[in-house]
Amino acid sequence: MSKSKIFDWLFMLFGVLLQIVCYIFTKDGLLSFICGLSGVINVVLCSQRKLSFYFFAYIQMFTYIVIILQQHLYGELIENIFYVITTTIALFIWIKHYNKDEKEVEARKLTGFQIFLTCIVFFISTILLYIVLLKTNDPAPFLDSVSTVPAFIAQFMLMFRYREQWIMWLVVDIATLILWISVGNIFMIAQYIFWIMNCVYGFIKWSK
């Protein structure tokens, strides 16, 4: 086994152990544990461009929807309903562009103009969503806006196999980490700390 493969397995093991430790010391709940554990496995497999990531992605998405409903985080709810729909579409796109010899999906990268256009869409959409969420009982409208908009953009990049998705996911994960720190859910905090690390890992893997 190559050093790269060994690191891949050790990185996933670290994320899994992080979730187990959180469960042992906090007893925060089985649902949060399942969500956190599947979330770790799914993002690492996605970083490795593996089709198997979709199985764990569905588990993570549906358990996460239940958790955010309990916290009344409506921006996060919209985001995850969107994930369920686009993940299903992305699965078929990935199957079409899956390299069976390498056992990974073929990656792409954005052009300079596409990056510029993405930044414009990000800033305008974030401001508009923030204005809308101010009219709801969302406890954190700004953080919810900053975490939701780039997540939509990143999900489209994921669907069409662009490596720059990991930059957008980094913005999402930092904003959402702050959100869950304010709520105090240890599992979600641990999950998003690991996801931030995974964004760097994923960008490197998709750039090869």
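Just above sits the structure.
Once that is clear, we can look at a nonpolar patch on the surface. On the surface, a cluster of nonpolar side chains totalling about 1,200 Å² of accessible area is made up of Phe113, Phe116, Leu117, Ile120, Val121, Ile124, Ile127, Leu128, Tyr130, Ile131, Leu134 and Phe142. You can call Val121 partly exposed: its relative accessible area is 38%.

Regions of empty space are outlined by a rolling probe, equal in size to a water molecule, passed over the atoms. Scanning the model with the defined rule gives one cavity of 30 Å³ or more in all. Approximately 330 Å³ is the volume attributed to the largest cavity. Taken together, 23 residues line the largest cavity, and the ones lying closest to its centre are Asn42, Val43, Tyr83, Trp169 and Trp195. Breaking the lining of the largest cavity down by element, the ones donating at least two residues are α2 (30-47), α3 (53-71), α4 (74-96), α6 (141-159), α7 (165-183) and α8 (186-207). Each residue belonging to the lining of the largest cavity can be placed in one class, and the counts come to 14 nonpolar, seven polar and two charged.

Phi is mostly negative for residues that are not glycine, and the peptide bonds are mostly trans. Even without a glycine there, the phi angle at Arg49 is positive, about 60°. Along the chain, the position of Arg49 falls in the loop between α2 and α3. With a phi close to 70°, Arg161 is a non-glycine residue in the positive phi region. Here Arg161 is to be found in the loop between α6 and α7.

Taken as a whole, the largest pocket encloses approximately 230 Å³ of empty space. Forming the walls of the largest pocket are Leu110, Phe113, Gln114, Leu117, Thr118, Val121, Ile153, Phe156, Met157, Phe160 and Tyr162. With five residues, the top contributor of residues to the lining of the largest pocket is helix α5 (residues 112-133). A breakdown of the residues in the lining of the largest pocket according to their chemical character gives nine nonpolar, two polar and no charged. Its boundaries defined by the atoms lining it, the second largest pocket holds a volume of some 160 Å³. If you go around the second largest pocket, the residues you meet are Leu110, Ile115, Thr118, Cys119, Phe122, Phe123, Met157, Glu164, Ile167, Met168 and Val171. At the level of elements, α5 and α7 are the ones that each hand at least two residues to the lining of the second largest pocket. By residue number, the principal contributor to the lining of the second largest pocket is α5, which donates five residues.

What counts, and where the lines are drawn
Residues numbered from 1 in each chain as written. Predicted model: local features only at pLDDT ≥ 70, side-chain atom pairs only at ≥ 80, totals over all residues. Heavy atoms only, no water. Patch = residues over 30% accessible without salt bridge, like charges linked within 9 Å, V, L, I, M, F, W, Y side chains within 5 Å. Areas by Shrake-Rupley, 256 points an atom, 1.4 Å probe, with all protein chains shown as cover. Salt bridge = Lys/Arg side-chain N within 4 Å of Asp/Glu carboxyl O. Buried < 20%, exposed > 50% of the residue type's maximum accessible area, 1.4 Å probe, protein only. 1 Å grid on protein atoms, 1.4 Å probe; cavity = no way out; pocket = protein on both sides within 12 Å on 5 of 7 lines; lining within 4 Å. Points joined across faces, edges and corners; volume = space filled by probe spheres on them. Helix = DSSP H or I, 4+ residues; strand = E, 2+ residues; numbered from the N terminus. Nonpolar A, V, L, I, M, F, W, Y, C, P; charged D, E, K, R; others polar.

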